[in-house]
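Analysis of the macromolecular model
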Amino acid sequence: MQNNKVVLIVIDALRFDTACTHMGFLHHLVERQVAARYKVCSEVPSLSRPLYETILTGTPPIVHGVTSNMTVRLSKGQSVFHIAKEHGLTTAASAYYWVSELYNRAPFNHMEDRLQLDTQLPIDNGMFYFEDHYPDSHVFADAVWLMAQKQPDFLYIHSMNVDDDGHKFTADSAQYRNRVLAVDALLSLFIPKCMAQGYEVIVTADHGMTRDGNHGGTTHEDRHVPLFVISDAVKAGIKEGIISQLQVAPLCCHLLNIKPAEDMVPLLLEGVFTAKEV
């Protein structure tokens, strides 16, 4: 059975409402019936490292055990990286170093672990940055290199500048909103490359950002994030209601055409076609 190629993009700290008002390219795809848009409620605590693990394993923090940004260890769960490798697929990531600490090596060695190429680890090829202000443009350029040189079946991309500006200036700032515009502009260059190479694309966020310039709580500002899906297996358009963040991992497996882990919840997303189920 043929597998499909998937790119999962996580824009750190991208609020749902700001995504709706400031991501013109992605909403062009929604309006032209190319992409679907969902509203996601993140797990809590609405912190980065716990939610990276939630997004990639489809399990909540109380199950996967990464309950804090200070929990520095390898994942004990079955992530999409692990499952893809078990099915003979190749993986890659252009991401913040915490992703390396969850799936490849922990703790991260800043002088040795930035480039991890042709490994036998869950992430076959990783380009990891460790400064929050590392330019988003470079993150996507790194991803383009990985696509061209390594041709992964599952590519994970994680950018940090929206979160960085949110902490510096708060979510209620021109800097935060303009950074979201800038990411959308990068996606307008990157997503067509993905589509031309046959990738299905998911764009989401780990958590939001508050008017206090932080996150970790239970408010809509903290928890409501977008999910955009560009796939022939998902009907385009705006979907009503709020879905669980636990749906992202089984969605990735569904689009990759691989069996999800036993710990993942069933995929129950409006508009997902069943023809690709395994």
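Scroll up a little and you will see the structure.
By convention here, each chain's residues receive numbers from 1 onward along its written sequence. Note on the predicted model: pLDDT of at least 70 is required for a residue's local features to be given, and 80 or more for side-chain atom pairs to be given and counted; whole-chain, interface and lining totals, by contrast, use all residues. With hydrogens and water excluded, all non-hydrogen atoms of the structure serve as input to the side-chain values.

1. With respect to the pattern of salt bridges
Should their charged atoms come close, side chains of opposite charge can pair. By convention in these notes, a salt bridge is any Lys or Arg side-chain nitrogen within 4 Å of a carboxyl oxygen on Asp or Glu. Tallied over the entire structure, the rule returns 10 salt bridges. We note a salt bridge from Lys-85 to Asp-124, for which the minimum N-O separation is 2.8 Å. Here Asp-124 lies in the loop between β4 (115–116) and β5 (125–129) and Lys-85 lies in helix α5 (residues 80–86), a separation of 39 residues in the sequence. Residue classification places Asp-124 among the buried positions, given a relative accessible area of 10%. The shortest N-O distance in the salt bridge between Arg-179 and Asp-165 comes to 2.9 Å. With Arg-179 in helix α9 (residues 174–196) and Asp-165 in helix α8 (residues 161–169), this residue pair connects regions lying 14 residues apart in the sequence. Relative accessibility under 20% of the residue-type maximum defines a buried residue, over 50% an exposed one, and the middle range a partly exposed one, all with a 1.4 Å probe and only protein chains included. Residue Asp-165 is classed as buried on the basis of its relative accessible area of 8%. Going along the chain from the N terminus, every DSSP run of H or I of four or more residues is numbered as a helix, and every run of E of two or more is numbered as a strand.

2. Focus on the nonpolar core
Definition used in this section: a nonpolar core is a set of buried Ala, Val, Leu, Ile, Met, Phe, Trp, Tyr and Cys residues joined via side-chain atoms within 4.5 Å. Within the largest apolar cluster, 87 residues are counted, with the highest numbers of intra-cluster contacts made by Leu-8, Ile-9, Phe-154 and Tyr-156. Any two residues whose heavy atoms approach within 4.5 Å at even a single point are treated as in contact. In this structure Phe-154 touches Val-6, Leu-8, Leu-56, Val-80, Phe-81, Thr-90, Thr-91, Ala-92, Cys-252 and Leu-256, once residues within four positions along its chain are discounted.

3. Focus: a nonpolar patch on the surface
The residues that make up patches have over 30% relative accessible area and no salt bridge, and they are joined within 9 Å when like-charged or within 5 Å when they are Val, Leu, Ile, Met, Phe, Trp or Tyr. All accessible-area figures derive from a Shrake-Rupley calculation using a 1.4 Å probe, and residue coverage is judged against the displayed protein chains alone. On the surface, Leu-115, Leu-117 and Trp-145 cluster together into a nonpolar patch covering about 270 Å² of accessible area. Position of Trp-145 relative to the elements: it lies in helix α7 (residues 136–150).

4. Comments concerning the packing of α8 against α9
α9 packs onto α8 with a crossing angle of 170 degrees between their chain directions and a minimal axis gap of 8 Å. As far as their axial angle goes, α9 and α8 are roughly antiparallel. Of the residues in α9, those touching α8 at Asn-161, Val-162, Asp-165, Gly-166 and Phe-169 are Gln-175, Tyr-176, Arg-179, Val-180 and Val-183. Residue classes in the contact of α8 with α9 are distributed as 5 nonpolar, 3 polar and 2 charged. Only the stretch in contact is used when fitting a helix axis, every axis being a line fitted to C-alpha atoms; angles between N-to-C directions are given from 0 to 180 degrees. Roughly parallel covers angles under 35 degrees, roughly antiparallel covers those over 145, roughly perpendicular covers 65 to 115, and oblique covers all other angles. For this scheme, ten residues count as nonpolar: Ala, Val, Leu, Ile, Met, Phe, Trp, Tyr, Cys and Pro. Four count as charged, namely Asp, Glu, Lys and Arg, and the remainder, Gly too, count as polar.

5. Looking at the packing of aromatic side chains
Side-chain rings of Phe, Tyr and Trp, where Trp is taken by its six-membered ring, are said to pair if the distance between their centres is within 6.5 Å; with planes under 30 degrees apart they count as stacked, over 60 as edge-to-face, and otherwise as tilted. Under the criterion given, the structure shown has 12 aromatic pairs. A network of ring pairs unites the aromatic residues Tyr-52, Tyr-96, Tyr-97, Trp-98, Phe-108, Tyr-129, Phe-130 and Tyr-134 as a single cluster. Across from the ring centre of Tyr-199, 4.4 Å away, lies the NZ or CZ of Lys-5, which sits over that ring. Over the ring of Trp-98 we find Arg-49; its NZ or CZ atom is 4.3 Å from the centre of that ring. Only when the NZ atom of a Lys or the CZ atom of an Arg is both within 6 Å of the ring centre and within 35 degrees of the ring normal do we say a charge sits over the ring.

6. Regarding the side chain of Ser-173
Along the chain, Ser-173 turns up in the loop between α8 and α9. Within polar-contact distance, the side chain of Ser-173 engages the backbone oxygen of Thr-170 at 2.7 Å. N or O atoms within 3.5 Å of each other form a polar contact, as long as, within protein, one can give a hydrogen and the other can take it, and as long as residues adjacent in sequence are counted only when both atoms are side-chain atoms.

7. A short note on the pairing of strand β1 (residues 5–11)
Summarising burial for β1: 6 of the 7 residues are buried, a large majority. Taken together, the 6 bridges between β1 and strand β7 (residues 199–204) define a ladder with parallel strand orientation. Residue pairing across strands places Val-10 opposite Thr-204, the latter belonging to β7. Where β1 lies against strand β6 (residues 154–159), 6 bridges are found, and the strand directions are parallel. Pairing of Leu-8 across the sheet is with Tyr-156, part of β6. Two strands qualify as a pair provided DSSP detects at least 2 bridges between them.

8. Digging into α9
An α-helix turns once per 3.6 residues; consequently, residues spaced three or four apart project the same way. Helix span, expected: 1.5 Å multiplied by one less than the number of residues in the helix. Taking 1.5 Å per residue, 23 residues should reach 33 Å; α9 reaches 34 Å between its end C-alpha atoms and fits that length. The bend reported for a residue corresponds to the angle between axes fitted to the seven residues ending at that residue and the seven starting there. Taken as a whole, α9 carries its principal kink of about 30 degrees at Ser-188; the proline Pro-192 stands between one and four residues after it. Buried within α9 we find Tyr-176, Val-180, Val-183, Asp-184, Leu-187, Phe-190, Ile-191 and Cys-194. Count one or two residues on from α9 and you reach Gly-198, which has phi positive near 85 degrees.

9. A closer look at unusual backbone geometry
Residue Pro-45 is reached from Val-44 by a cis peptide bond, and omega for that bond is 5 degrees. Along the chain, Pro-45 turns up in the loop between β2 (36–41) and α3 (48–57). Look at the link from Ala-106 to Pro-107: it is a cis peptide, with omega at -5 degrees. Following the sequence through the fold, Pro-107 ends up in the loop between α6 (97–103) and β4. The phi dihedral of Gln-151 is positive, around 45 degrees, even though this residue is not glycine. Of note, Gln-151 is situated in the loop between α7 and β6. Gln-151 gets classed as exposed once you look at its relative accessible area, which sits at 57%. Even without being glycine, Thr-170 reaches a positive phi, approximately 80 degrees. Along the chain, Thr-170 falls in the loop between α8 and α9.

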